[in-house]
Amino acid sequence: MNLQPDSKILFQGITAELSATHGGQMKVYGTKVVAGVNPGLGGQTFDDIPVFDLVEQALAEVGSIDTTLIFVPAYQALDAALEAISAGIKQIIIVSSGMPPLDMVHLLRKAEATETIIVGPNSPGIIVPGKLLLGTHRSEFYIPGAVGIVSRSSTLTYEIALELTKAGLGQSMAVSIGGDAIAGSSFLQWLQMFDADDATEVIVLVGELGGNSEEAAADYIAKTIKKPVIAYIAGRKAPAGRHWGHTGTLAAVVGRGADVGTAQSKLAALKFAKIPIAEKPSQIPDLVKKALKKT
Amino acid sequence: MNLQPDSKILFQGITAELSATHGGQMKVYGTKVVAGVNPGLGGQTFDDIPVFDLVEQALAEVGSIDTTLIFVPAYQALDAALEAISAGIKQIIIVSSGMPPLDMVHLLRKAEATETIIVGPNSPGIIVPGKLLLGTHRSEFYIPGAVGIVSRSSTLTYEIALELTKAGLGQSMAVSIGGDAIAGSSFLQWLQMFDADDATEVIVLVGELGGNSEEAAADYIAKTIKKPVIAYIAGRKAPAGRHWGHTGTLAAVVGRGADVGTAQSKLAALKFAKIPIAEKPSQIPDLVKKALKKT
Amino acid sequence: MDLLEYQAKEWFRETGIPVLPSQRIDKIGDLKGLKIPYPVVIKSQVRTGGRGRAGGVRIVTNTIDAIAAAQTIFHLPILGEVPEVLLAEAKYNADREFYLAVVLDSNTRRPVLLGSPQGGIDVESSEELLQQVVVEREFSPFYARKLSVKMGLKGALIGSVSDVVEKMYRLFWQKDLDLVEINPLGVSATGELMALDGKVTVNSRAIARHADISLMAQKMANRANSQNYFDILGNADLVDRSGNIGILGNGAGLVMATLDLVTDGGGKVKTCLNIGHGSNLDPTKPSFSDRLEQGVELLVRDKNIQVVLVNILGSVLKGVKVAESISKFGEDRMPKTRNAAYPRLIVRFAGSELDSAQAQLAPVAIPLIENLDEAVLQTIRQAKSSPAKKL
Amino acid sequence: MDLLEYQAKEWFRETGIPVLPSQRIDKIGDLKGLKIPYPVVIKSQVRTGGRGRAGGVRIVTNTIDAIAAAQTIFHLPILGEVPEVLLAEAKYNADREFYLAVVLDSNTRRPVLLGSPQGGIDVESSEELLQQVVVEREFSPFYARKLSVKMGLKGALIGSVSDVVEKMYRLFWQKDLDLVEINPLGVSATGELMALDGKVTVNSRAIARHADISLMAQKMANRANSQNYFDILGNADLVDRSGNIGILGNGAGLVMATLDLVTDGGGKVKTCLNIGHGSNLDPTKPSFSDRLEQGVELLVRDKNIQVVLVNILGSVLKGVKVAESISKFGEDRMPKTRNAAYPRLIVRFAGSELDSAQAQLAPVAIPLIENLDEAVLQTIRQAKSSPAKKL
């Protein structure tokens, strides 16, 4: 993935309000949001960002785009992403929440065929503290450093970052794959990325109940990841079978154990893989420090 | 395209009757039809050809397949071709006629994405006289030689082959792209192939009214093809605007000249490109001989 | 298969494309129960173009005028076609008129979206304004937006016009169409859109897989009393009503080549029938020999046809079988038909078992010739020497 | 959203999946007009499983028995659910029973086809027979045939079962389902297929884009008197009826983490409400500050809740605005609600303008704490010290 500070960013679904809030945040961070797209608003300019009706018009004007951020309403996100793919954009971050999962299935089939990276939906995106903000992470909670954070949440990720920052532990990068049942990128891909990233010394994996990404990650970490990993799982005390706004879909109908997706199942898998587990966010800095001492 | 005599061929939509007629013809010609597929007939054997319910079962049994021939009823042809693509087969000849054109649009989008060659639909396929028969060409009309034939018809191709054969002019290969409005392969692709093919010395282009492939071919020949080309166009005397069983769809609604698709338009384009035109099939051998003398 | 305007608009309505309130008028009496307030537009429902210029569209302001207009239009042929039904529709005040279409393009082998900001009868005279967007991959609404932007639209019209195009495309794909056209798409002063006329062409090969369209096709066929039977056998084409030669062949290219040869030689062909080549993959349809036998019979039955040239080349049937089908015909049916007229059969055949085929046809005096030019020559000679037909 | 059996079967019927003749029974009287010949199966329409074992399915042979059975079933709770309607259906003699399903799988991120040659109540006890086919690319019928072959089917059953699976997939895709299941699919001695029971789960996020499903959802919501209002604001979850703490947060992960902390600390949470993070991209839905204000009010109104912990972290709203929403609430509405009960508000906030936010909340005596552990501690302390509620 191209995460250079000078990479060129497109803002699909830009509005005056979104430009003022998230656009402004990114700009302050030095992220080059070179154009916005919103059909019908073409020709306007929001905070120095020129707006176009079509992605291809934006590209014709500003040249090639490294990453597009999608902020359109949920039912329009598939089309926006397909428009970006059709224009040759290879990195897509979908901030929008509420995308129907079959739209994601449709999109992933296309993305895989065209080797396009999809992060999200329902994701605050990626932040490389001090360098690059691709999405809606609140940069105020982050400082540069050596801890990589990968999670499924947005605000819970800030919570973890805040604890680390207060303890003087900066972050190399934080990414949320998004809380939906069908996500564009996986824990595994990001763990691999962090493992290969020179700036990252320790990885914090932030999971939550639902799905089985954490179980798969635990297994993958034990087998493949060389850097130390600390895990935290939210939802231990949540009643069973609830959605909590995430994980709209449960895959397991038949043929799977009844406890798949519970926080307990995830914690068991992490313990089995001998990964240190934080009981609460405020414990994470201590566990990170211990892990750093060992290396 | 792999047209080796020892290439392994699959027969999708095989039945006892089709096996006896077309299967038998191919076998006599030495074509290696290694398996057949027809859902529900799996486990049977027609003339030594083992039949499977699924393409993947056939592949598991006989190994990889170079080309599949599709003989299924028209409305099932899309699915049969997609099944072949999904199993990794890269050359598909669709013999079936009557495929709705939007099924072809669907198929071509997939075929292009997976770099699969589609010949047909509504095509007798390819014959390399004396070496290989991939389809339903009547081999009795062909003898090996140096004339390449590319056409949109089946029986009219035999007519041309018969005239050449009677005149002692053998053929390097004959292919029909099929008579449908939406064809998997184009005149241009085959002209290019013949131009590069060592066995071919002269090319006979057999066109007919409808569409604008012949006009495009004339232009392409003038600009690109080095070998001599002889053309014949059927349908000069046909009433305008009729389908003649081919070309179910006319693209030109607005924005195109009214005479696009007529034999006259094609003849004009060929004349403009200085390509010798046969008035009738029996004139072709003489024109071929003249062309061969010049080279 | 072309739909009539009112049928196209029914589909538009179901799809959510905005159309005016309208009523189908089968007979003059229907105008009395009109539920649309006047002024009303009475429109001839014909498949041919130029309806407006020919007087097939009239605006009326009361029942008496409506009846008068309808009576006129019911009897007004437009390019030879007299309407069986009319459409009574509300009047619309369009500020501007756009042109929109989705059409299958054999050149790009893709559906193409077409649009012009200058629709109505002007669309062909302002071709340079006609914009195209090829739907390269699977459709998504952004293709429609590309068209809107190419048409020069701005602001809210981009979204509303794209929405209509999107619905047209869904209809196109879902119903296997060759064409769906809205011309004009009325645009009101406030930006409201209305499909004022519609054209829909269903791909003939796909009809059988849509229950609803099959039903429509059946009704049309019954009404038009069309060559339904021929269509089952293959494709029949009337070349020249005054011709006296029939051509039957296996394959479109071969039939066309034969037609060219006969016509070049001075023969006059009335009908060509292509019975197709190869085996039938669909067991519900007639076999090759059935198509051959029934096809020959159909041509022979035509009282204007004096010579039938059967050109069968490399069929799935071997020569003996072909000859069998034809000789059976010679024995069984020829005597009866001979009384009525005097059709001669000339068979051109090349392929395996040629000799046995010739032997088989000799007793019934039907010549079997291998050389195409020779068969054509004999056909023309026979047709010229035949006595004039009594009708 | 789970459909009831009769609703699922209506969709099956429209899609061409074979189902038995059946009638919906809303009240006992409906059984008198039964058009299905006896024997008839009376089935409780509940969403929970194990209906058969619980006595919710009965075979009856005459009207008297039917009425008796219906009266029993109408009053029989199955896993706590009492049916509002019953289904009366013809009886079917199945020779064998298969299991078929299409389900969305978050693991492969694709729909998966499931099938077993041993369906009915046995399917879970013979898991090793359950076959899977992942629909990797766009669906085409060959995926369904793969499933049939994996299930061990031969001959004509390959085609007929695949045909049912194909229709299930079309339904799944077209209606945005999480699951469509036929269990059992009855197979007669002659190979005829029949969907004897059906389960359909619609994805909740997609409901709004299907007019027909939206209508069904609305009716269900009215009937079930569900937490509709909460659903507009975000996702509300009842944790423990006997709890006395309410949690409101912006983000599912954050709310869950807060719940864990409070519970680990000995607090008892009744309800959690996630109002979501970020701006609202859909202008028809309430803004962040609306969600915040209305959410707090909903929790405070609950007479069982004594402390509400509001955990807002890095919201799109700056601290001052968050405090404004909450202080407005403190001024305007707290006095009234204080009379009824005594809910305390504790606000945890971190982010820009923290100090100004604290200053703004001071006058209304609502504590704003930056540290999460500290906010949780105070919440638990308050909840424990609060006097018991009078209901």
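Fair warning: this is a prediction, and the values are worked out from it, not measured in the lab. (Residues numbered from 1 in each chain as written. Chains lettered and ligands numbered in written order. Predicted model: local features only at pLDDT ≥ 70, side-chain atom pairs only at ≥ 80, totals over all residues. Heavy atoms only, no water.)

Peer 1: Where do I start with the overall build of chain C in this structure?
Peer 2: Of regular secondary structure, chain C possesses 12 helices and 16 strands. Within chain C, the proportion of its 391 residues that are buried is 55%. Contacts in chain C between residues far apart in sequence, at least 24 positions, make up 66% of those at least 6 positions apart. Surface summary for chain C: the accessible area is close to 16500 Å², and the carbon and sulfur share equals 50%. (Helix = DSSP H or I, 4+ residues; strand = E, 2+ residues; numbered from the N terminus. Buried < 20%, exposed > 50% of the residue type's maximum accessible area, 1.4 Å probe, protein only. Contact = heavy atoms within 4.5 Å. Areas by Shrake-Rupley, 256 points an atom, 1.4 Å probe, with all protein chains shown as cover.)

Peer 1: Whenever I open this one, the sheet that holds strand S14 (residues 277-278) of chain B confuses me. Can you help?
Peer 2: Sheet strands associate in pairs through backbone hydrogen bonding, adopting either a parallel or an antiparallel arrangement. All names here are of chain B. Taken together, the 7 strands give an open sheet; going across it, the order is S9-S8-S11-S10-S12-S13-S14, and neighbouring strands pair in mixed fashion. Bordering the open sheet on either side are strand S9 (132-135) and S14, each of which pairs with just one other strand. As paired strands, strand S12 (residues 202-208) and strand S13 (residues 229-234) are joined by 6 bridges and run parallel to one another. Bridge pairing links Gly207 to Ile233 in S13. (Pairing = 2+ DSSP bridges.)

Peer 1: Got a minute to help me understand the interface of chain A and chain D in this structure?
Peer 2: Reports often express the size of an interface as the amount of accessible area lost when the parts come together. Listed per partner, the contact involves 65 residues of chain A and 67 residues of chain D. Across the chain A/chain D interface, buried area totals approximately 5500 Å², and carbon plus sulfur atoms make up 55% of it. Here chain A is connected to chain D by 9 salt bridges. A salt bridge links Asp264(D) to Lys237(A), with the shortest nitrogen-to-oxygen separation between them at 3.8 Å. On the surface where chain A and chain D come into contact, there are 23 residue pairs in polar contact (both at pLDDT 80 or more). Counting only elements with at least two residues in the side of chain A that touches chain D, the list comes to helix H1 (16-28), helix H4 (101-113), helix H5 (155-166) and strand S13 (229-234) of chain A. Tallying contributions element by element places H4(A) first for the side of chain A that touches chain D, with 10 residues. Among the residues forming the side of chain A that touches chain D, the class breakdown is 30 nonpolar, 19 polar and 16 charged. (Buried area = accessible area lost by both parts, 1.4 Å probe. Salt bridge = Lys/Arg side-chain N within 4 Å of Asp/Glu carboxyl O. Polar contact = N/O pair within 3.5 Å; in protein donor to acceptor, adjacent residues only side chain to side chain. Nonpolar A, V, L, I, M, F, W, Y, C, P; charged D, E, K, R; others polar.)

Peer 1: Could you clarify how one ought to interpret helix H7 (residues 252-264) of chain C in this entry?
Peer 2: Because each turn of an α-helix spans 3.6 residues, side chains separated by three or four positions end up pointing in the same direction. All names here are of chain C. Relative to the 18 Å expected for 13 residues at 1.5 Å per residue, H7 spans 18 Å between its end C-alpha atoms, a close match to the ideal helical length. By the criterion of burial, H7 is predominantly enclosed, with 11 of the 13 residues buried. Within the sequence span of H7, burial applies to Ala252, Gly253, Leu254, Val255, Met256, Ala257, Thr258, Leu259, Asp260, Leu261 and Val262. Note on H7: the residue one or two positions beyond its end, Gly266, has a positive phi of about 100°. (Expected span 1.5 Å × (residues − 1).)

Peer 1: Please clarify how the pairing of strand S5 (residues 67-70) of chain B should be interpreted in this entry.
Peer 2: On a regular strand, one side chain projects to one face of the sheet and the next to the other, so that they alternate. Residues and elements named next belong to chain B. With burial as the criterion, each face of S5 is covered, one bearing Thr67 and Leu69 and the other bearing Thr68 and Ile70. Pairing geometry for strand S1 (residues 8-12) and S5, over 4 bridges, is parallel. Residue pairing for S5: Leu10 is matched across the bridge by Thr68. Sheet analysis places S5 next to strand S6 (residues 91-94), joined by 4 bridges and oriented parallel. Paired with Leu69 across the strands is Ile93, a residue of S6.

Peer 1: Any chance you could explain the environment of Lys35(D) here in plain terms?
Peer 2: All names here are of chain D. By secondary structure assignment, the location of Lys35 is in the loop between strand S1 (22-25) and strand S2 (40-44). Taking the relative accessible area as the measure of exposure, Lys35 reaches 73% and is therefore exposed. In sequence terms Lys35 and Glu324 are 289 residues apart; their C-alpha atoms lie 64 Å from each other.

Peer 1: Can you help me understand the environment of Leu134(B) in this one?
Peer 2: All names here are of chain B. As for its position among the elements, Leu134 is in strand S9. A relative accessible area of 0% means that Leu134 is categorised as buried. Between the C-alpha atoms of Leu134 and Met1, which are 133 residues apart in sequence, the distance is 12 Å. When residues no more than four places from it in sequence are discounted, the contact partners of Leu134 are Leu3, Ile9, Met26, Thr31, Thr67, Leu69, Ile93, Pro124, Gly125 and Ile126.

Peer 1: What am I meant to see in the pairing of S2(D) here?
Peer 2: Residue and element names in this part refer to chain D. Among the 5 residues that make up S2, 5 are buried, leaving the element largely enclosed by the rest of the structure. Burial along S2 is two-sided: the face carrying Val40, Ile42 and Ser44 and the face carrying Val41 and Lys43 are both buried. The pairing of S2 with strand S4 (residues 86-90) spans 5 bridges and is classified as antiparallel. Each bridged residue has a counterpart across the sheet, and for Lys43 the counterpart in S4 is Leu87. Alignment of S2 against strand S3 (residues 57-60), held across 4 bridges, turns out to be antiparallel. When the bridges of S3 are listed, Val40 appears paired with Val60.

Peer 1: Would you take a moment to explain the sheet that holds strand S4 (residues 49-52) of chain B for this structure?
Peer 2: All names here are of chain B. Taken in spatial order, the 7 strands make up an open sheet running S3-S4-S2-S1-S5-S6-S7, and their pairing is mixed. On the outer flanks of this sheet lie strand S3 (45-46) and strand S7 (117-119), each paired with one strand and no other. On top of the sheet, helix H1 (residues 16-28) reaches S1, strand S2 (32-37), S3, S4 and S5; it is set at about 155° to S1, its chief contact. (Axes fitted to C-alpha atoms, helices over the stretch in contact; angles between N-to-C directions.)

Peer 1: Which parts of the structure should I look at to understand the pattern of salt bridges?
Peer 2: Side chains that differ in sign of charge can pair as their charged atoms come close. Counted according to the given criterion, the structure contains 72 salt bridges over all chains. Between Lys27(B) and Asp48(B) there is a salt bridge whose closest N-O contact spans 3.4 Å. Of the two residues, Lys27(B) sits in helix H1 while Asp48(B) sits in the loop between S3 and S4, which places them 21 residues apart along the sequence. According to the relative accessible area criterion, Asp48(B) is exposed, its value standing at 65%. Measuring nitrogen to oxygen at the nearest pair gives 2.8 Å for the salt bridge that ties Asp103(B) to Arg209(C). With Asp103(B) in helix H4 (residues 101-113) and Arg209(C) in the loop between strand S10 (198-202) and helix H5 (211-224), this pair bridges two chains. Taking the relative accessible area as the measure of exposure, Arg209(C) reaches 29% and is therefore partly exposed.

Peer 1: I tried to follow the confidence of the model for chain A on my own but got confused; where do I start?
Peer 2: Low pLDDT marks regions whose predicted coordinates should not be analysed in detail. For chain A, mean pLDDT is 92; residues scoring 70 or higher make up 93% of the total. Every residue in residues 242-258 of chain A scores below 50 in pLDDT, and together they form 59 contacts with partners more than four places removed in sequence or on other chains. (pLDDT = per-residue confidence, 0-100.)

Peer 1: Explain the environment of Pro18(C) here, please?
Peer 2: Residue and element names in this part refer to chain C. Positionally, Pro18 belongs in the loop between helix H1 (5-15) and strand S1 (22-25). Residue class for Pro18 comes out partly exposed when judged on its relative accessible area of 28%. Through-space distance from the C-alpha of Pro18 to that of Arg96 is 16 Å; in sequence the pair is 78 residues apart. Setting aside its immediate chain neighbours within four residues, Pro18 contacts Val164, Leu193, Met194 and Ala195.

Peer 1: Just checking my understanding: could you explain the confidence of the model for chain C for this structure?
Peer 2: All names here are of chain C. Looking at chain C as a whole, the pLDDT averages 88, with 90% of positions reaching at least 70. Long-range and interchain partners of residues 225-232, a stretch whose pLDDT sits below 50, account for 10 contacts in this model, where long-range means more than four residues apart. Counting contacts from residues 337-341, a segment whose pLDDT is below 50, to residues more than four positions away or on other chains yields 3 contacts. Both confidence scores are given for the complex: pTM 0.93, ipTM 0.93.

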